[in-house]
Amino acid sequence: QAQLVESGGGLVQAGGSLRLSCAASGRTFSGYDMGWFRQAPGKEREFVAGMRWSGGSTNYADSVKGRFTISRDNAKNTVYLQMNSLKPEDTAVYYCAAMVGLTPVYWGQGTQVTVSS
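The present account deals with the structure reproduced in this document.

Reading the values: rules and limits
Residues numbered from 1 in each chain as written. Predicted model: local features only at pLDDT ≥ 70, side-chain atom pairs only at ≥ 80, totals over all residues. Heavy atoms only, no water. Pairing = 2+ DSSP bridges. Helix = DSSP H or I, 4+ residues; strand = E, 2+ residues; numbered from the N terminus. Axes fitted to C-alpha atoms, helices over the stretch in contact; angles between N-to-C directions. Core = buried A, V, L, I, M, F, W, Y, C linked by side-chain atoms within 4.5 Å. Buried < 20%, exposed > 50% of the residue type's maximum accessible area, 1.4 Å probe, protein only. Contact = heavy atoms within 4.5 Å. Phe/Tyr/Trp six-rings, centres within 6.5 Å; stacked < 30°, edge-to-face > 60°. Lys NZ or Arg CZ within 6 Å of the ring centre and 35° of its normal. Salt bridge = Lys/Arg side-chain N within 4 Å of Asp/Glu carboxyl O.

1. Observations concerning the sheet that holds strand E3 (residues 18–25)
Then comes step 1: Here 4 strands make up an open sheet; going across it, the order is E1-E3-E8-E7 and the pairing antiparallel. Every other strand in the sheet has two partners, leaving strand E1 (3–7) and strand E7 (68–73) as the edge strands with one partner each. When the angles between neighbouring strand axes are averaged without regard to direction, this sheet yields 15°.
Then comes step 2: Where E1 meets E3, 5 bridges bridge the pair, whose relative direction is antiparallel. Its bridge partner being in E3, Ser7 is matched across the sheet by Ser21.

Structure follows, in structure tokens:
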């Protein structure tokens, strides 16, 4: 059974950094585009960052451009999200997704990121 498991969330002060990891198991995701989404309390889930399966193309939400970086290691079946200069408004549950184009087809269970002011 295909599974995505996120880790690396936690509590950090504003201005700090975290690196999220998303480990895939049960199948290879090397042919999928991969993405990170987040959902804050009372808000809809929103796209944060995405990367083509080849690793050559990335895109980001305007709110995180210049602060977050998505990367992947296909050999390890793992996707990362490096988050720098964190702000309180980045507080959310962060989800990893395997996508076909822009459509998520597999979701992880999520990891909580809390940024204190």
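2. Considering the nonpolar core
Then comes step 1: Core analysis: the largest hydrophobic core is formed by 29 residues, its most contacted members being Trp36, Leu81, Met83 and Tyr94.
Then comes step 2: When residues of this core are traced back to their parent elements, those giving at least two are E3, strand E4 (33–39), strand E5 (46–51), E7, strand E8 (78–83), strand E9 (92–100) and strand E11 (111–116).
Then comes step 3: For Leu81, the residues in contact, after removing those within four places along its chain, are Leu18, Arg19, Leu20, Trp36, Val48, Ala49, Phe68, Thr69, Ile70 and Tyr94.

3. Describing the pairing of E3
Then comes step 1: Inspection of the sheet shows E3 paired to E8 by 6 bridges, in the antiparallel sense. Considered in E8, the bridge of Cys22 is made with Val79.

4. Brief notes about the packing of aromatic side chains
Then comes step 1: Enumeration according to the criterion identifies 4 aromatic pairs in this entry.
Then comes step 2: Plain terms: the ring middles of Phe37 and Phe47 are 5.6 Å apart, the flat faces sit at 80° to each other, and that makes the pair edge-to-face. With Phe37 in strand E4 and Phe47 in strand E5, this residue pair connects regions lying 10 residues apart in the sequence.
Then comes step 3: On the basis of relative accessibility, which here comes to 26%, the residue Phe47 falls in the partly exposed class.
Then comes step 4: For the ring pair Phe37 and Trp107, a centre distance of 5.0 Å and an interplane angle of 65° mean the geometry is edge-to-face. Within this pair, whereas Phe37 is found in strand E4, its partner Trp107 is found in strand E10 (residues 103–107), the two being separated by 70 residues in sequence.
Then comes step 5: Look at Phe37 and you get buried, because its relative accessible area is 9%.
Then comes step 6: Taken together, the aromatic side chains of Phe37, Phe47, Tyr95 and Trp107 make up a single cluster linked through ring pairs.
Then comes step 7: Over the face of the ring belonging to Tyr95 we find Arg45, whose NZ or CZ atom lies 3.6 Å from the ring centre.

5. Looking at the pattern of salt bridges
Then comes step 1: This model, assessed by the stated rule, comprises 5 salt bridges.
Then comes step 2: Put simply, Glu46 and Arg38 hold a salt bridge, and the shortest N to O gap is 2.7 Å.
Then comes step 3: Accessibility expressed as a relative area gives 6% for Arg38, which makes it buried.
Then comes step 4: By sharing partners, the salt bridges in this structure join Arg38, Glu46, Arg67 and Asp90 into a single network.

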